[in-house]
Amino acid sequence: MNNGKEEKIKIILLGEPSTGKTSLIKVYLNDKFTEDVPSSLSSSFFQSVITVNEKKYLIDLWDTVGQENYRSITQHFIRDTNIVIFVYDITEKHTFNEIENYWIDKVKEVLNDSAILGIAGNKEDLYEKEVVEEDKAEKLAKKIGGFFKKTSAKENPKEFKTFVKMLIEQFLLKNNKIIKGNNIILNESSIIEDKNKKKKCCI
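Here the structure is a predicted model, which means the values were calculated and not measured.

## Examining the pattern of salt bridges
If charged atoms from side chains of opposite charge come close, those side chains can pair.
Piece 1. This structure, assessed with the given rule, holds ten salt bridges.
Piece 2. Across the pair D80 and K10 runs a salt bridge whose closest N-O atoms are separated by 2.7 Å. Taken together, the positions of D80 in the loop between helix 2 (71–78) and strand 4 (83–89) and K10 in strand 1 (residues 7–14) put the pair 70 residues apart, joining distant regions of the chain.
Piece 3. The exposure class of K10 is buried, given its relative accessible area of 10%.

## Points about the side chain of K21
Piece 1. In this fold, K21 is placed in helix 1 (residues 21–30).
Piece 2. Polar side-chain contacts of K21 include one of 3.0 Å to the backbone oxygen of E16.
Piece 3. Sequence-distant contacts of K21, that is, excluding residues within four places in its chain, are made with L13, L14, G15, E16, D63, T64 and V87.

## What about the packing of helix 3 (residues 93–110) against helix 4 (residues 134–143)?
Piece 1. The N-to-C vectors of helix 3 and helix 4 enclose an angle of 15 degrees; their axes lie 11 Å apart at closest approach. Here helix 4 runs roughly parallel to helix 3, going by the angle between their axes. The crossing of helix 3 and helix 4 is left-handed. Only K136, A137 and L140 of helix 4 make contact with helix 3, whose side of the interface consists of F96, N97, I99, E100 and I104.
Piece 2. Taken together, the residues of the contact of helix 3 with helix 4 sort by class into five nonpolar, one polar and two charged.

## Observations concerning the environment of L140
Piece 1. Looking at where L140 falls in the secondary structure, it is placed in helix 4.
Piece 2. With relative accessibility at 7%, the residue L140 sits in the buried group.
Piece 3. Considering only alpha carbons, one finds L140 and I104, 36 residues apart in sequence, at a separation of 10.0 Å.
Piece 4. Those residues within four positions of L140 in sequence are excluded, and the remaining contacts are F96, I99, E100, I104 and I119.

## Description of the nonpolar core
Piece 1. Ranked by internal contacts, the top residues of the largest apolar core, which has 30 residues, are I9, I11, L13, I83, I85 and I168.
Piece 2. Contributions of two or more residues to this core are made by strand 1, helix 1, strand 2 (44–52), strand 3 (55–63), strand 4, strand 5 (116–122) and helix 5 (157–174).
Piece 3. The dominant element in this core, judged by the number of residues it contributes, is helix 5, at eight residues.
Piece 4. Here I9 is in contact with Y57, L58, I59, D60, N82, I83, I168, F171 and L172, once residues within four sequence places are set aside.
Piece 5. Counting 27 residues, the second largest nonpolar core, distinct from the first, contains L14, F45, L111 and F148.

## Points about the packing of helix 1 against helix 5
A pair of packed helices is captured by two measures, namely the crossing angle of their axes and the spacing between those axes.
Piece 1. Remark: helix 1 packs on helix 5, axes separated minimally by 8 Å, with the N-to-C direction vectors making an angle of 85 degrees. On the basis of the axis angle, helix 1 is roughly perpendicular to helix 5. Counted together, L24, V27 and Y28 of helix 1 and P157, F160, K161, V164 and I168 of helix 5 form the full contact between these two elements.

Reading guide: rules and limits
- Residues numbered from 1 in each chain as written.
- Predicted model: local features only at pLDDT ≥ 70, side-chain atom pairs only at ≥ 80, totals over all residues.
- Heavy atoms only, no water.
- Salt bridge = Lys/Arg side-chain N within 4 Å of Asp/Glu carboxyl O.
- Helix = DSSP H or I, 4+ residues; strand = E, 2+ residues; numbered from the N terminus.
- Buried < 20%, exposed > 50% of the residue type's maximum accessible area, 1.4 Å probe, protein only.
- Polar contact = N/O pair within 3.5 Å; in protein donor to acceptor, adjacent residues only side chain to side chain.
- Contact = heavy atoms within 4.5 Å.
- Axes fitted to C-alpha atoms, helices over the stretch in contact; angles between N-to-C directions.
- Parallel < 35°, antiparallel > 145°, perpendicular 65-115°, else oblique.
- Left-handed = near helix turned anticlockwise from the far one by under 90°.
- Nonpolar A, V, L, I, M, F, W, Y, C, P; charged D, E, K, R; others polar.
- Core = buried A, V, L, I, M, F, W, Y, C linked by side-chain atoms within 4.5 Å.

Structure (structure tokens):
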């Protein structure tokens, strides 16, 4: 899949089960929502290629499990990550609390300073059932030096894709790979997905 010319950017989605991490990855890859996506039973990743100012980057997009017995394994995969996106369900307060009280601390134990952090409040289409205050999520993102976005894999698939592209841009700016103020052209040139060859973590 990698011809050796593209620099890699590793992105991991973290959060509790049933927050919609797998659905968000699917909409990033396919620009459409898929009903009845099963919960992930192991960590796996998909790849895509983006072009920024005529330079190609290979994106490793990791989908992780959230169950307690997998958390130590998940932390192992965070070490060399460039972008971490914490995902919570806006209708389930405990999924946000776990980000605030568990996931952020665990990530900071192993992540280097060059990484970018994001918080995604998923299932925005269920706004009538929202129990997590948006201001609280925004303040948490600001506290960790990250970025926040509410999104809906179901009703606005392109919203999450735009958020991911913004985080990639911020990572490249932070690490002096592109110059702030220039006309940054960030396009997706191809998607690489082989369902039969999804890499899984060692369980």
